[in-house]
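An overview of the molecular structure
In case you want the letters, here they are:
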Amino acid sequence: MSLAKTWYSVADAESKFGVPKALILKWVDEGLVRCEQEDGTVVSVNGDDLELKVDEYVKKG
């Protein structure tokens, strides 16, 4: 079991991973990054999913 934080607000994820909010939300919409929502608004994203996607994104660039 990981003791590290795995869920981040979109703003915190944007800051931690250096990825624009719009791109994070695009990945959420595409089903590539899990999220938690409240009233249809994304309130947190899964850091493990995001880390994998960022690694893939960087390798393509």
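**A short note on the sheet that holds strand β3 (residues 41-46)**
What the 3 strands build is an open sheet, ordered β1-β3-β2; its pairing is antiparallel. Both edges of this open sheet fall to β1 (7-8) and β2 (35-38), since each of them pairs with a single strand only.

**Structural notes on the nonpolar core**
Residues Ala13, Phe17, Val19, Trp27, Val45 and Leu50 are the most contacted members of the largest nonpolar core, which totals 13 residues. Listing elements by their share of this core, those giving two or more residues are α1 (10-17), α2 (21-29) and α3 (47-60). Looking at this core, the element that brings in the most residues is α2, giving 4 residues. In contact with Val19, not counting residues within four places along its chain, are Glu14, Ile24, Trp27 and Val54.

**Some points on the packing of aromatic side chains**
The geometry of an aromatic ring pair comes down to the distance between the two centres and the angle between the two planes. Under the defined criterion, the tally for this structure stands at 2 aromatic pairs. Relative to Phe17, the ring of Tyr8 lies with its centre 5.8 Å away and its plane at 90°, an arrangement referred to as edge-to-face. We classify Tyr8 as buried; its relative accessible area is 11%. Their ring planes at 70° and their centres at 5.7 Å tell us that Trp27 and Tyr57 sit as a pair that is edge-to-face. With a gap of 30 residues between them, Trp27 in helix α2 and Tyr57 in helix α3 connect regions that are remote in the sequence. In this structure Trp27 comes out as buried when scored by relative accessible area, which is 4%. Over the ring of Phe17 we find Lys16, and its NZ or CZ is 5.7 Å from the ring centre.

The rules we used
- Residues numbered from 1 in each chain as written.
- Predicted model: local features only at pLDDT ≥ 70, side-chain atom pairs only at ≥ 80, totals over all residues.
- Heavy atoms only, no water.
- Pairing = 2+ DSSP bridges.
- Helix = DSSP H or I, 4+ residues; strand = E, 2+ residues; numbered from the N terminus.
- Core = buried A, V, L, I, M, F, W, Y, C linked by side-chain atoms within 4.5 Å.
- Buried < 20%, exposed > 50% of the residue type's maximum accessible area, 1.4 Å probe, protein only.
- Contact = heavy atoms within 4.5 Å.
- Phe/Tyr/Trp six-rings, centres within 6.5 Å; stacked < 30°, edge-to-face > 60°.
- Lys NZ or Arg CZ within 6 Å of the ring centre and 35° of its normal.

Any functional reading would require information that these geometric values do not contain.
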